[in-house]
Amino acid sequence: MSTNSKKIENSTTKYNNLKKNLTNQSTDTILEWKEYFESWKNHPDYDSEYFLMAINVCNDILKERSEK
């Protein structure tokens, strides 16, 4: 297993679309989505980069809410 992690750009279309869709959700819902994405990030049949990006989106939204 690689210990290298890629930096996902926050300006990608996938990032922006997912953030737009999740921003209006409750904190509990975002936490549920984050747990879901984490459960799939290491699955060999799927694009782990997408799930890592999705986890970052959830983390960013949760961080923004905690700073308010």
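The coordinates are above.
We now turn to the structure provided with this report. None of the values given here were measured: they were computed from a predicted structure.

1. Thoughts on the nonpolar core
Part 1: In this structure, Leu 18, Leu 22, Phe 37 and Val 57 are the most contacted members of the largest nonpolar core, which totals 13 residues.
Part 2: Going through the elements one at a time, helix H1 (13-23), helix H2 (27-40) and helix H3 (48-67) are the ones with two or more residues in this core.
Part 3: The biggest single contributor to this core is H3, with eight residues.
Part 4: Look past the residues within four positions of Leu 18 in its chain and what remains in contact with it is Phe 37, Tyr 50, Met 53, Ala 54 and Val 57.

2. Describing the pattern of salt bridges
Part 1: Evaluation of the coordinates by the stated rule reveals one salt bridge.
Part 2: The partner of Lys 19 in a salt bridge is Glu 64, and the shortest N-O contact between them spans 2.6 Å. With Lys 19 in helix H1 and Glu 64 in helix H3, this residue pair connects regions lying 45 residues apart in the sequence.
Part 3: Residue class for Glu 64 comes out partly exposed when judged on its relative accessible area of 37%.

3. Quick word on the environment of Glu 35
Part 1: Locating Glu 35 in the fold gives a position in helix H2.
Part 2: On the accessibility criterion, Glu 35 (59% relative accessible area) is exposed.
Part 3: A sequence separation of 23 residues divides Glu 35 from Cys 58, and the C-alpha atoms of the two residues are 9.7 Å apart.

How each quantity is defined
- Residues numbered from 1 in each chain as written.
- Predicted model: local features only at pLDDT ≥ 70, side-chain atom pairs only at ≥ 80, totals over all residues.
- Heavy atoms only, no water.
- Core = buried A, V, L, I, M, F, W, Y, C linked by side-chain atoms within 4.5 Å.
- Buried < 20%, exposed > 50% of the residue type's maximum accessible area, 1.4 Å probe, protein only.
- Helix = DSSP H or I, 4+ residues; strand = E, 2+ residues; numbered from the N terminus.
- Contact = heavy atoms within 4.5 Å.
- Salt bridge = Lys/Arg side-chain N within 4 Å of Asp/Glu carboxyl O.

The analysis is restricted to geometry; functional conclusions fall outside its scope.
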